[in-house]
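Summary of the model geometry
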Amino acid sequence: MAGILIVEDERVAAWNIQSALEKFGYTVVANIGSGDKAVGLAGTLKPDLVLMDIRLPGEIDGIEAAARIRNQFKIPVVYLTAYTDDQTIERAIATDPYGYLTKPFKRAELHTTITTALHRCQLEKQLQATQQWLTSTLNSIGDGTITTDQEGRITFMNPVAEALTGWLLTEAMGKPVNEVLELYNAQTGQAIENPVLLAMQEGIPFELPKQCQLRTKEGRQRLIDDVATPIRDAFGQVQGGVIVFRDTTETQRMQAALQESEARFQRLAANLPGIIYKVLHRLDGSVECLYLSRYFQTLFEMALESFQQGKDFILAAIHPDDASSLHTAIETMLQTLQPHTWEGRIQVLSGQIKWIQIINRSSRQANGDIICDGLIVDISERKRTEQALQRQMQRERLLSEVAQQIHKSFDLHEILTTVVTKVRQMLEVDRVLIFQINPDGSGVVIQESVDSVSPTLGLSFCDKCFPSDCYEFYWQGQSRVIPDTSEDEWSNCLTELMQKLGVKSKVVIPIIQHQGTATTSLKSPARKLWGLLIVHACDDYRQWESEEVDLLRQISNHLAIAIQQSELYQKLQQANEHLECLVKIDALTQVANRRRFDEYIQQQWNQLAREQKPLSLILCDIDFFKRYNDTYGHPAGDACLVQIAEAINHSVKRPADLVTRYGGEEFAVILPNTDHKGAVHVAITIQNQVRQLQLDHIGSNVADYVTVSMGIVTTVPSDNSSPQALIAATDRSLYQAKQQGRDQYCIKTL
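A quick note: this is a predicted structure, and the numbers were derived from the prediction, not measured.

Here we take up the overall build of the protein. Each helix and strand counted, the protein has 24 helices and 28 strands in total. At 41 Å, the protein has a C-alpha radius of gyration far larger than the 27 Å of a compact globule built from 750 residues. With the C-alpha coordinates of the protein rotated into their principal frame, the extents come out at 130 × 75 × 60 Å. Looking at the protein residue by residue over its 750 residues, the buried ones come to 43%. As displayed, the protein has an accessible area near 40,000 Å², and 51% of this comes from carbon and sulfur atoms.

In structure tokens form, the structure reads like this:
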């Protein structure tokens, strides 16, 4: 049930309100009469609702206190007041209250107002969550997205739209959409009517015309396409518009380049781009070359006469791994007489391996012979390009996968494992490791991925193994690319280690964390050399490609950010744990507070119900404490509470026993797995500890010093009862102890 903070300086009215709320089933977290205290307790107790009297004594009245609570903690406030003048009402309305009760009011009015306020608060939270989800979704879309109101004024732009238009959302908000989206025909230069306005006017989606060009805020030109759509409400009425668009400048440029490339290829093909051939396959199995163009000598690096010696001679030039597929292709061409294309490799006299493509068309003659004519072209460059593109795509995919996986996790071990595993698989190397550098210059291998080589995980180094200037080198963000480790001129210690580990080639990439602004000082906290990303090739020497090194640098940048996020997350977790502890401790007595009491007794009830073991509860009340405060003053009363809490705390011995401040001068002791005899023993110990304090109390009717009365109840928790029943029974037992003369305990069994 919801927790409610009552702020009412008329105490009789305050207790009447509390009584009514508790009967309604609400929890009153505190009942105070000060605006200053209300603000402080709202931040500490985090109630679900605050009932605030407008006229309060002190530096701030109820309206000012309510405003601070709303601004700082977003907690709903319902006003209580007997004042209904216009000025008071205007000030109260300015704080956005959730209700307004005019004294005197009935309990039904109180219940209705609180129920309505809590329901409104819940709906607002749901609406806020929905709005945040929608905003996050739109911000995650890969295309630019802009929304407008009915008048065509911008209400939202996602980051992609900001990047494409050059306008920030804060700049564009409320501006006409045609002012931000200046659209022109790329060929004619004429302005294009804004599709968002058209979509709203016609009530249907409008696609952007071809050659639609966007002029950015900085005056740059971008080709864009996609669609604008009207936004309708639940009744079908147009409430605004949305346009989703993307930059097609590069796509159309590539398409134009591709078309030009294809046209150029056709022109080259018409001018002997490869080997034109015509071959006769007779029924008796013999083969005769009827025509072969001169380019054969350049491509195969052999004389035309060699081909005329027979097909076996030319087939000998086919790469062994591709010979079988060529035989199959020839048989298919002769059997089906369908056009056929084959790609494979040849080995020429110079030792070079070339990729060729055979484009063949077969036809059967009247006598049954088959003539094959076609074109053989050198596709080596294309294959190299395809392979390079495939490698580039694989690397980009790897980078994307690594970035996504390491940024979605705060577990440092998981992040490092993902990086070393993915990098080793992608680059097909023997070892990838993460070397963390300590502040003293030493370091240790904290993660690695290996393939059939000796592991280095846990291997540590002192700073003497590294050249004196290596830290400055890596701190500046420079990488080391070593094709042959035996020629590495750095430390002999490292050279010997590389030989021992069998490393022939390596790449070392620094992992730099940026803490703030740029700096040139190695010791500056704004820039930290966290460690190194190291790649080893052990099977053979390797000439590292620049694309591979660039990929490793990008991964290192993502890794540095992910590591920093992980470290910040760990600090946040520790801070949250500390705050959680503070929330559960009574500020005055430093024992557990009522919130911790409610939480802990429920936990123990559930556990002991499963185990069918006893649970005892002791409620302690300081005898005649009001008189003590009246006699010695509230500061002395606070000091008394602290000493009593310490005495009770010293009376319990087991880790599971919990002492809490139950409220005011009352303390509660939760004794899990304790029968009535054990509970009585604890109660007697508490009595003795309190008596030994010998705190003077001339206002007491039972002794000259401070004493306590206690109620004790023991039960075995079950589903047929509840912690609340145990608390109520213990409270009755405490009441009986007071009725019998105080300074004693009364025990019952539930």
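Moving on, we get to the sheet that holds strand β25 (residues 658-663). Working definition: the strands of a sheet are paired by backbone hydrogen bonds and lie parallel or antiparallel to each other. Spatially, five strands are ordered β25-β26-β24-β27-β28 in an open sheet, and the strand pairing comes out mixed. Edge positions in the open sheet fall to β25 and β28 (745-749), since each of these has one partner strand only. Along the sheet, successive strands turn relative to each other by an average axial angle of 20°, direction set aside. Looking at chain direction, strand β24 (residues 615-622) and strand β27 (residues 708-715) are connected through eight bridges and run antiparallel. Opposite serine 616, over in β27, you have threonine 714 as the bridge partner. The strands touched by helix α22 (residues 634-651) are β24, β25 and β26 (666-672); relative to β26, the strand with the most contacts, the crossing angle is about 15°.

Another aspect to go through is the packing of aromatic side chains. For the structure on display, the rule yields six aromatic pairs. Aromatic side chains phenylalanine 597 and tyrosine 662 sit 5.0 Å apart centroid to centroid with 80° between the ring planes, which places their arrangement in the edge-to-face category. Within this pair, whereas phenylalanine 597 is found in helix α20 (residues 594-611), its partner tyrosine 662 is found in strand β25, the two being separated by 65 residues in sequence. Take phenylalanine 597 and tyrosine 662: they sit in the same class, and that class is buried. Between the aromatic rings of tyrosine 628 and tyrosine 632, the centroid separation amounts to 4.6 Å while the plane-to-plane angle is 40°, which identifies the pairing as tilted. Of this pair, tyrosine 628 and tyrosine 632 both sit in helix α21 (residues 625-632), four residues apart, roughly one helical turn. By relative accessible area, tyrosine 628 is classed as buried at 8%. The ring of tyrosine 541 carries lysine 504 above its face, with NZ or CZ at 5.5 Å from the centroid.

Two elements, strand β6 (residues 144-149) and strand β7 (residues 154-157), share three bridges in a ladder whose sense is antiparallel. From the neighbouring strand, isoleucine 146 faces β7, where its bridge partner is methionine 157. Hairpin geometry of β6 and β7 is characterised by an intervening segment of four residues between the two adjacent antiparallel strands and by a positive phi of about 80° at glycine 152.

This brings us to the sheet that holds strand β4 (residues 77-81). Pairing is parallel in the open sheet, where five strands are placed in the order β2-β1-β3-β4-β5. Lying at the two open borders of the sheet, with one neighbouring strand each, are β2 (27-32) and β5 (99-102). Strand after strand, the sheet turns through a mean of 15° between neighbouring axes, direction not considered. When strand β3 (residues 49-53) meets β4, the two strands line up parallel, connected through four bridges. Counterpart to leucine 51 in the pairing with β4 is valine 78. Most of the contacts of helix α1 (residues 11-23) go to β2, to which it runs at about 175°, and overall it touches β1 (3-7), β2, β3 and β4.

Here the focus is the confidence of the model for the protein. In this model, the protein carries a mean pLDDT of 86, and residues with pLDDT of at least 70 account for 93%. Under a pLDDT of 50 for its full length, residues 517-522 has, in the predicted model, 11 contacts with residues more than four places off or in other chains.

Going through the model one piece at a time under the given rule, you end up with 35 salt bridges. A salt bridge links arginine 68 to glutamate 64, with the shortest nitrogen-to-oxygen separation between them at 3.0 Å. With a gap of four residues between them, arginine 68 and glutamate 64 both fall in helix α3 (residues 62-73), about one helical turn apart. Note on glutamate 64: relative accessible area 32%, which makes it partly exposed. Arginine 246 is the salt-bridge partner of aspartate 225, the closest N and O atoms lying 3.6 Å from each other. Here aspartate 225, found in strand β11 (residues 221-232), pairs with arginine 246, found in strand β12 (residues 238-247); they are 21 residues apart in sequence, far enough to count as distant. Put simply, Glu343, Arg382, Lys383 and Glu386 are held in one network by salt bridges that share partners.

Another aspect to go through is the packing of α22 against helix α23 (residues 676-693). Contact pair α22 / α23: the axes reach a minimum separation of 8 Å and the direction vectors enclose 140°. In this view, α22 runs oblique relative to α23, as classed from their interaxial angle. α22 and α23 meet at a crossing whose hand is right-handed. When α22 is examined against α23, the residues Gln643, Ile644, Ala647, Ile648, His650 and Ser651 are found in contact with a partner set consisting of Val682, Thr685, Ile686, Gln689, Val690 and Leu693. Here the residues of the contact of α22 with α23 are counted per class, giving seven nonpolar, five polar and no charged.

Another point: helix α16 (residues 412-427). An ideal rise of 1.5 Å per residue puts 22 Å on 16 residues; α16 measures up with 23 Å between its terminal C-alpha atoms. Those residues of α16 that fall on the buried side of the exposure criterion are Ile415, Leu416, Thr418, Val419, Val420, Val423, Arg424, Met426 and Leu427. Between a side-chain oxygen at the N-terminus of α16 and the backbone nitrogen of histidine 413 the separation is 3.0 Å; the capping residue is aspartate 411. Once α16 ends, the next one or two residues include glutamate 428, with phi positive near 55°.

Now for helix α24 (residues 723-739). For α24, which comprises 17 residues, the first-to-last C-alpha distance of 24 Å matches the rise-based estimate of 24 Å (1.5 Å per residue) to within 8%. Within α24, burial applies to Pro723, Leu726, Ile727, Ala729, Thr730, Ser733, Leu734 and Ala737. The arc that holds every buried residue of α24, seen down its axis, measures 165°, which confines them to one face. Facing away from the buried surface of α24 by more than 90 degrees, the exposed residues are Gln724, Arg732, Tyr735 and Gln739. Buried-residue contacts for α24 involve α20, β24, β25, β26, β27 and β28. Once α24 ends, the next one or two residues include glycine 741, with phi positive near 120°.

Let us now look at the environment of serine 700. Note on placement: serine 700 falls in the loop between α23 and β27. Between the alpha carbons of serine 700 and aspartate 623 there is a distance of 7.1 Å; along the sequence they are 77 residues apart. Looking at serine 700, its side chain comes within polar contact range of the main-chain oxygen of alanine 703, at 3.4 Å.

Our focus in this paragraph is the side chain of threonine 674. Of note, threonine 674 is situated in the loop between β26 and α23. The buried category is assigned to threonine 674, whose relative accessible area is 6%. Every residue in contact with threonine 674, bar those within four places of it in the chain, is listed here: Pro614, Leu615, Ser616, Arg654, Asp657, Ala679 and Thr714.

Where α21 contacts α22, the axes come no closer than 7 Å and their chain directions differ by 135°. The angle between the axes of α21 and α22 places the two elements in the oblique class. For the pair α21 and α22, the contacting residues are Phe625, Tyr628, Asn629 and Tyr632 in the first and His634, Ala636, Gly637, Cys640 and Leu641 in the second. Considering only residue class, the contact of α21 with α22 consists of six nonpolar, three polar and no charged.

Right, let's talk about the side chain of threonine 165 for a bit. Turning to its location among the elements, threonine 165 is positioned in helix α6 (residues 159-165). Here the side chain of threonine 165 touches tryptophan 167 through a polar contact of 3.2 Å, landing on its backbone nitrogen. The contacts of threonine 165, once residues within four sequence positions are left out, are Ile146, Met157, Val180, Leu181, Leu214, Thr216, Lys217, Glu218 and Phe245.

The rules behind these values
- Residues numbered from 1 in each chain as written.
- Predicted model: local features only at pLDDT ≥ 70, side-chain atom pairs only at ≥ 80, totals over all residues.
- Heavy atoms only, no water.
- Helix = DSSP H or I, 4+ residues; strand = E, 2+ residues; numbered from the N terminus.
- Rg over C-alpha atoms; globule rule 2.2 N^0.38 Å.
- Buried < 20%, exposed > 50% of the residue type's maximum accessible area, 1.4 Å probe, protein only.
- Areas by Shrake-Rupley, 256 points an atom, 1.4 Å probe, with all protein chains shown as cover.
- Pairing = 2+ DSSP bridges.
- Axes fitted to C-alpha atoms, helices over the stretch in contact; angles between N-to-C directions.
- Contact = heavy atoms within 4.5 Å.
- Phe/Tyr/Trp six-rings, centres within 6.5 Å; stacked < 30°, edge-to-face > 60°.
- Lys NZ or Arg CZ within 6 Å of the ring centre and 35° of its normal.
- pLDDT = per-residue confidence, 0-100.
- Salt bridge = Lys/Arg side-chain N within 4 Å of Asp/Glu carboxyl O.
- Parallel < 35°, antiparallel > 145°, perpendicular 65-115°, else oblique.
- Left-handed = near helix turned anticlockwise from the far one by under 90°.
- Nonpolar A, V, L, I, M, F, W, Y, C, P; charged D, E, K, R; others polar.
- Expected span 1.5 Å × (residues − 1).
- Polar contact = N/O pair within 3.5 Å; in protein donor to acceptor, adjacent residues only side chain to side chain.
- Arc of directions from axis to C-beta.

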